[in-house]
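# Summary of the model geometry
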Amino acid sequence: SVPGSAVRLNTLWFLSLVLGLTCALGSILVRQWARRYRRLASRTSGQDLQGRAYLREAVHRALVTFRGREVAASLPALLHGSLFLFFAGIVQFLWSIHHTVAIIILSVIVLVTTIYLIFTVLPLVYLACPYHTPLTHILWRVLQLGLFLCHRTYRNTGSIWCPLSPDARLKL
(Lines give C-alpha, C1' and ligand atoms only; values in the text may rest on other atoms or scores of the structure.)
Protein backbone atom coordinates (compact mmCIF):
# COMPACT_ATOMS: atom_id res chain seq x y z
CA SER A 1 0.00 0.00 0.00
CA VAL A 2 1.30 3.44 -0.98
CA PRO A 3 1.22 6.17 1.69
CA GLY A 4 -1.27 8.98 1.10
CA SER A 5 1.48 11.60 1.26
CA ALA A 6 3.32 9.92 -1.63
CA VAL A 7 0.13 9.91 -3.71
CA ARG A 8 -0.49 13.61 -2.97
CA LEU A 9 3.13 14.52 -3.71
CA ASN A 10 3.22 12.66 -7.02
CA THR A 11 -0.16 14.08 -8.02
CA LEU A 12 1.00 17.65 -7.35
CA TRP A 13 4.35 17.25 -9.08
CA PHE A 14 3.02 15.41 -12.11
CA LEU A 15 0.18 17.93 -12.52
CA SER A 16 2.82 20.66 -12.33
CA LEU A 17 4.90 18.89 -14.97
CA VAL A 18 1.92 18.37 -17.27
CA LEU A 19 0.84 22.03 -16.99
CA GLY A 20 4.40 23.25 -17.57
CA LEU A 21 4.84 21.07 -20.65
CA THR A 22 1.39 22.07 -21.94
CA CYS A 23 2.43 25.70 -21.59
CA ALA A 24 5.65 25.03 -23.52
CA LEU A 25 3.74 23.24 -26.29
CA GLY A 26 1.13 25.99 -26.45
CA SER A 27 3.82 28.67 -26.65
CA ILE A 28 5.50 26.88 -29.52
CA LEU A 29 2.17 26.54 -31.35
CA VAL A 30 1.29 30.22 -30.88
CA ARG A 31 4.72 31.21 -32.19
CA GLN A 32 4.28 28.94 -35.22
CA TRP A 33 0.86 30.44 -35.93
CA ALA A 34 2.33 33.95 -35.74
CA ARG A 35 5.13 32.98 -38.16
CA ARG A 36 2.59 31.44 -40.54
CA TYR A 37 0.57 34.66 -40.49
CA ARG A 38 3.67 36.76 -41.24
CA ARG A 39 4.65 34.38 -44.03
CA LEU A 40 1.16 34.55 -45.57
CA ALA A 41 1.08 38.33 -45.24
CA SER A 42 4.46 38.70 -46.94
CA ARG A 43 3.39 36.57 -49.93
CA THR A 44 1.18 39.31 -51.24
CA SER A 45 3.13 41.83 -53.24
CA GLY A 46 3.63 45.36 -51.95
CA GLN A 47 1.54 46.65 -54.84
CA ASP A 48 -1.46 44.45 -54.01
CA LEU A 49 -2.70 46.44 -51.02
CA GLN A 50 -6.26 45.24 -51.43
CA GLY A 51 -5.16 41.58 -51.32
CA ARG A 52 -3.01 42.21 -48.25
CA ALA A 53 -5.88 44.00 -46.50
CA TYR A 54 -8.27 41.15 -47.36
CA LEU A 55 -5.82 38.56 -46.01
CA ARG A 56 -5.26 40.49 -42.78
CA GLU A 57 -9.00 40.90 -42.28
CA ALA A 58 -9.60 37.19 -42.90
CA VAL A 59 -6.90 36.20 -40.40
CA HIS A 60 -8.22 38.71 -37.88
CA ARG A 61 -11.75 37.33 -38.18
CA ALA A 62 -10.44 33.79 -37.74
CA LEU A 63 -8.49 34.83 -34.62
CA VAL A 64 -11.61 36.41 -33.16
CA THR A 65 -13.81 33.44 -34.08
CA PHE A 66 -11.40 30.88 -32.64
CA ARG A 67 -10.43 33.06 -29.66
CA GLY A 68 -6.74 33.29 -30.53
CA ARG A 69 -6.10 36.06 -28.02
CA GLU A 70 -7.60 34.02 -25.18
CA VAL A 71 -5.57 30.95 -26.18
CA ALA A 72 -2.34 32.93 -26.09
CA ALA A 73 -3.31 34.68 -22.85
CA SER A 74 -4.06 31.36 -21.11
CA LEU A 75 -0.48 30.12 -21.45
CA PRO A 76 1.01 32.21 -18.62
CA ALA A 77 -1.88 31.09 -16.39
CA LEU A 78 -0.91 27.47 -17.04
CA LEU A 79 2.68 28.20 -16.10
CA HIS A 80 1.62 30.04 -12.94
CA GLY A 81 -0.63 27.13 -11.97
CA SER A 82 2.23 24.75 -12.59
CA LEU A 83 4.51 26.76 -10.33
CA PHE A 84 2.00 26.85 -7.45
CA LEU A 85 1.35 23.10 -7.75
CA PHE A 86 5.11 22.55 -7.61
CA PHE A 87 5.29 24.78 -4.51
CA ALA A 88 2.56 22.72 -2.85
CA GLY A 89 4.47 19.53 -3.70
CA ILE A 90 7.69 20.94 -2.24
CA VAL A 91 5.96 21.74 1.04
CA GLN A 92 4.31 18.30 1.11
CA PHE A 93 7.67 16.62 0.43
CA LEU A 94 9.62 18.67 2.97
CA TRP A 95 6.92 18.27 5.64
CA SER A 96 7.40 14.51 5.53
CA ILE A 97 11.19 14.91 5.88
CA HIS A 98 11.73 17.76 8.36
CA HIS A 99 9.16 20.20 9.75
CA THR A 100 11.61 23.08 10.35
CA VAL A 101 12.86 23.08 6.77
CA ALA A 102 9.28 22.80 5.52
CA ILE A 103 8.21 25.81 7.62
CA ILE A 104 11.10 27.93 6.33
CA ILE A 105 10.32 27.07 2.71
CA LEU A 106 6.60 27.52 3.34
CA SER A 107 7.30 31.01 4.72
CA VAL A 108 9.10 31.98 1.51
CA ILE A 109 6.31 30.49 -0.60
CA VAL A 110 3.69 32.40 1.42
CA LEU A 111 5.65 35.62 0.84
CA VAL A 112 5.88 34.97 -2.91
CA THR A 113 2.19 34.03 -3.06
CA THR A 114 1.23 37.18 -1.15
CA ILE A 115 3.17 39.35 -3.60
CA TYR A 116 1.49 37.48 -6.47
CA LEU A 117 -1.95 38.10 -4.95
CA ILE A 118 -1.14 41.79 -4.45
CA PHE A 119 -0.16 42.03 -8.13
CA THR A 120 -3.43 40.26 -8.95
CA VAL A 121 -5.72 42.51 -6.93
CA LEU A 122 -3.93 45.88 -7.24
CA PRO A 123 -5.16 46.58 -10.81
CA LEU A 124 -8.73 46.01 -9.63
CA VAL A 125 -8.34 48.77 -7.07
CA TYR A 126 -6.10 51.13 -9.07
CA LEU A 127 -7.08 50.92 -12.72
CA ALA A 128 -3.85 52.60 -13.90
CA CYS A 129 -1.68 50.02 -12.11
CA PRO A 130 0.78 48.46 -14.60
CA TYR A 131 1.08 45.19 -12.66
CA HIS A 132 -1.28 42.30 -13.29
CA THR A 133 -1.38 38.53 -13.44
CA PRO A 134 -3.46 36.14 -15.55
CA LEU A 135 -5.93 35.94 -12.65
CA THR A 136 -6.51 39.71 -12.71
CA HIS A 137 -8.67 39.48 -15.83
CA ILE A 138 -10.65 36.56 -14.40
CA LEU A 139 -11.25 38.43 -11.12
CA TRP A 140 -12.25 41.53 -13.09
CA ARG A 141 -14.89 39.49 -14.94
CA VAL A 142 -16.14 37.94 -11.68
CA LEU A 143 -16.36 41.42 -10.13
CA GLN A 144 -18.29 42.71 -13.14
CA LEU A 145 -20.66 39.74 -12.96
CA GLY A 146 -21.19 40.32 -9.23
CA LEU A 147 -21.94 44.00 -9.78
CA PHE A 148 -24.31 43.13 -12.62
CA LEU A 149 -26.17 40.62 -10.45
CA CYS A 150 -26.40 43.12 -7.58
CA HIS A 151 -27.73 45.78 -9.93
CA ARG A 152 -30.22 43.36 -11.45
CA THR A 153 -31.37 42.16 -8.02
CA TYR A 154 -31.78 45.74 -6.80
CA ARG A 155 -33.70 46.74 -9.92
CA ASN A 156 -36.10 43.81 -9.51
CA THR A 157 -36.58 43.78 -5.71
CA GLY A 158 -35.46 47.15 -4.39
CA SER A 159 -32.89 45.50 -2.11
CA ILE A 160 -29.54 43.79 -2.54
CA TRP A 161 -28.54 40.53 -0.90
CA CYS A 162 -25.24 41.08 0.88
CA PRO A 163 -23.44 38.20 2.63
CA LEU A 164 -21.60 40.68 4.88
CA SER A 165 -24.80 42.28 6.17
CA PRO A 166 -26.13 40.98 9.50
CA ASP A 167 -29.69 40.96 8.20
CA ALA A 168 -28.51 39.69 4.76
CA ARG A 169 -30.45 42.39 2.89
CA LEU A 170 -29.62 46.02 2.42
CA LYS A 171 -32.40 48.47 1.74
CA LEU A 172 -31.27 51.31 -0.47
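Remember, predicted model here, so these are calculated numbers, not experimental data.

### Digging into the packing of aromatic side chains
One pass over the full model with this rule turns up 5 aromatic pairs. Centre to centre, the rings of Phe84 and Tyr116 are 5.0 Å apart; their planes meet at 70 degrees, and the pair counts as edge-to-face. Remark: Tyr116 occurs in helix α4 (residues 99–125) and Phe84 occurs in helix α3 (residues 68–97); sequence separation between them is 32 residues. Residue Phe84 is classed as partly exposed on the basis of its relative accessible area of 25%.

### Examining the packing of α3 against α4
One way to put it is that α3 packs onto α4 with a least axis distance of 7 Å and a crossing angle of 160 degrees. The angle between the axes of α3 and α4 places the two elements in the roughly antiparallel class. The handedness of the crossing between α3 and α4 is left-handed. Of α4, the residues touching α3 (which contributes His80, Phe84, Phe87, Ile90, Val91, Leu94, Trp95 and Ile97) are His99, Val101, Ala102, Ile103, Ile105, Leu106, Ile109, Val112, Thr113 and Tyr116. Residues that form the contact of α3 with α4 fall into these classes: 15 nonpolar, 3 polar and no charged.

### Focus: the environment of Val91
Turning to its location among the elements, Val91 is positioned in helix α3. Take Val91: its relative accessible area is 17%, and that puts it in the buried class. Val91 sits 82 residues away from Leu9 along the chain, and the two C-alpha atoms are 9.1 Å apart. Apart from the residues within four sequence positions on either side, Val91 is in contact with Ala102, Leu106 and Ile109.

### Topic: a nonpolar patch on the surface
A cluster of nonpolar side chains, contributed by Val121, Val125, Tyr126, Leu135, Ile138, Leu139 and Val142, occupies part of the molecular surface with about 630 Å² of accessible area. At the level of secondary structure, the elements contributing two or more residues to the nonpolar patch comprise α4 and α5 (134–157). Among the elements that make up the nonpolar patch, the one with the highest residue count is α5 (4 residues). Along the chain, Val125 falls in helix α4.

Rules used in this analysis
Residues numbered from 1 in each chain as written. Predicted model: local features only at pLDDT ≥ 70, side-chain atom pairs only at ≥ 80, totals over all residues. Heavy atoms only, no water. Phe/Tyr/Trp six-rings, centres within 6.5 Å; stacked < 30°, edge-to-face > 60°. Helix = DSSP H or I, 4+ residues; strand = E, 2+ residues; numbered from the N terminus. Buried < 20%, exposed > 50% of the residue type's maximum accessible area, 1.4 Å probe, protein only. Axes fitted to C-alpha atoms, helices over the stretch in contact; angles between N-to-C directions. Parallel < 35°, antiparallel > 145°, perpendicular 65-115°, else oblique. Left-handed = near helix turned anticlockwise from the far one by under 90°. Contact = heavy atoms within 4.5 Å. Nonpolar A, V, L, I, M, F, W, Y, C, P; charged D, E, K, R; others polar. Patch = residues over 30% accessible without salt bridge, like charges linked within 9 Å, V, L, I, M, F, W, Y side chains within 5 Å. Areas by Shrake-Rupley, 256 points an atom, 1.4 Å probe, with all protein chains shown as cover. Salt bridge = Lys/Arg side-chain N within 4 Å of Asp/Glu carboxyl O.

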